[in-house]
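Breakdown of the fold
Chain residues, written in single-letter form:
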Amino acid sequence: RRDRSASEPLKNLATKARLPQVRAQALAALEGISGLDAATLKSALKDSGENVRALAVRFSESHLDKVLDDVIALTKDSSTILAKQVAFTLGESSNRKAGEALAALAKKWSDNSEIRLAVLSSARPHAETILNAIGANNTDWASPLIATMIGSGDKQAIARAVKETGHAYGEPLS
């Protein structure tokens, strides 16, 4: 019903409830009534419950200008659930720091296919940054990243990637 009078009690539950399930439900209710603010999200992004943090990351997409650094900080978290959501969310930002964070996730979780998929699905504005970090000789990553760059139409980035890929395989291109 979008009853904004519920915002303050829900914010209290989202940040102070004992059970993580209650904190997550309160976050979802706040999102549903458009009552989430940056301060509540920042608190939830530091929650002890990984599912609460992941939900907060998802809901932060409409507030990324205010919480991007907090989301990026979660790339250091050891939770695969969280890493996957962070990767999906970072794709919503064209900020270079988001691309660098995606590259960090790609390196850290290179053997995890689900996180790899999340990173690649978010790569469009950041493909060159990720490719430069992961290395053009990493065929598991290079091919889909170059395909993403081709899809973006950035001819200079494509040329740099093709040249770098040729060097990685001992075939300098001019």
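This write-up is about the structure you can find in this document.

Calculation rules
- Residues numbered from 1 in each chain as written.
- Predicted model: local features only at pLDDT ≥ 70, side-chain atom pairs only at ≥ 80, totals over all residues.
- Heavy atoms only, no water.
- Phe/Tyr/Trp six-rings, centres within 6.5 Å; stacked < 30°, edge-to-face > 60°.
- Lys NZ or Arg CZ within 6 Å of the ring centre and 35° of its normal.
- Helix = DSSP H or I, 4+ residues; strand = E, 2+ residues; numbered from the N terminus.
- Buried < 20%, exposed > 50% of the residue type's maximum accessible area, 1.4 Å probe, protein only.
- Salt bridge = Lys/Arg side-chain N within 4 Å of Asp/Glu carboxyl O.
- Arc of directions from axis to C-beta.
- Contact = heavy atoms within 4.5 Å.
- Patch = residues over 30% accessible without salt bridge, like charges linked within 9 Å, V, L, I, M, F, W, Y side chains within 5 Å.
- Areas by Shrake-Rupley, 256 points an atom, 1.4 Å probe, with all protein chains shown as cover.
- 1 Å grid on protein atoms, 1.4 Å probe; cavity = no way out; pocket = protein on both sides within 12 Å on 5 of 7 lines; lining within 4 Å.
- Points joined across faces, edges and corners; volume = space filled by probe spheres on them.
- Nonpolar A, V, L, I, M, F, W, Y, C, P; charged D, E, K, R; others polar.

Summed over all chains, the structure comprises 0 aromatic pairs. The ring of tryptophan 141 carries the charged tip of arginine 116 above its face, separated from the ring centre by 5.5 Å.

Moving on to unusual backbone geometry. If you check the backbone angles, serine 34 has positive phi at about 55° while not being a glycine. Following the sequence through the fold, serine 34 ends up in the loop between helix H2 (20–32) and helix H3 (38–44). Judged by relative accessible area, serine 34 falls into the partly exposed class, the value being 41%.

Right, let's get into the pattern of salt bridges. Evaluation of the coordinates by the stated rule reveals 8 salt bridges. Residues arginine 23 and aspartate 47 are paired through a salt bridge, measuring 2.6 Å at the closest nitrogen-oxygen approach. Highlighted residues: arginine 23 in helix H2 and aspartate 47 in the loop between H3 and helix H4 (50–59), separated in sequence by 24 residues. You'll find arginine 23 and aspartate 47 in the same group, each marked buried. Ionic pairing is found between aspartate 70 and lysine 42, a salt bridge with its closest N-O pair at 3.0 Å. One end of the pair, aspartate 70, is in helix H5 (residues 64–73); the other, lysine 42, is in helix H3, and 28 residues separate them in sequence. Each of Glu8, Lys11 and Asp37 takes part in one network of salt bridges that share partners.

A separate point is helix H1 (residues 7–16). Of the residues making up H1, those classed as buried are Ser7, Leu10, Lys11 and Ala14. Projected down its long axis, H1 carries its buried residues within an arc of 105°, all on one side. Facing away from the buried surface of H1 by more than 90 degrees, the exposed residues are Glu8 and Lys16. Buried positions along H1 lie against H2 and H3.

Taken together, the side chains of Leu13, Leu19 and Val22 present a nonpolar region at the surface, about 210 Å² in accessible area. For leucine 13, a relative accessible area of 38% corresponds to the partly exposed category.

Taken as a whole, the largest pocket encloses approximately 150 Å³ of empty space. Elements with a contribution of two residues or more to the lining of the largest pocket: helix H9 (127–134) and helix H10 (139–152). No other element matches the 4 residues that H9 contributes to the lining of the largest pocket. In terms of residue class, the lining of the largest pocket is made up of 4 nonpolar, 4 polar and 4 charged.

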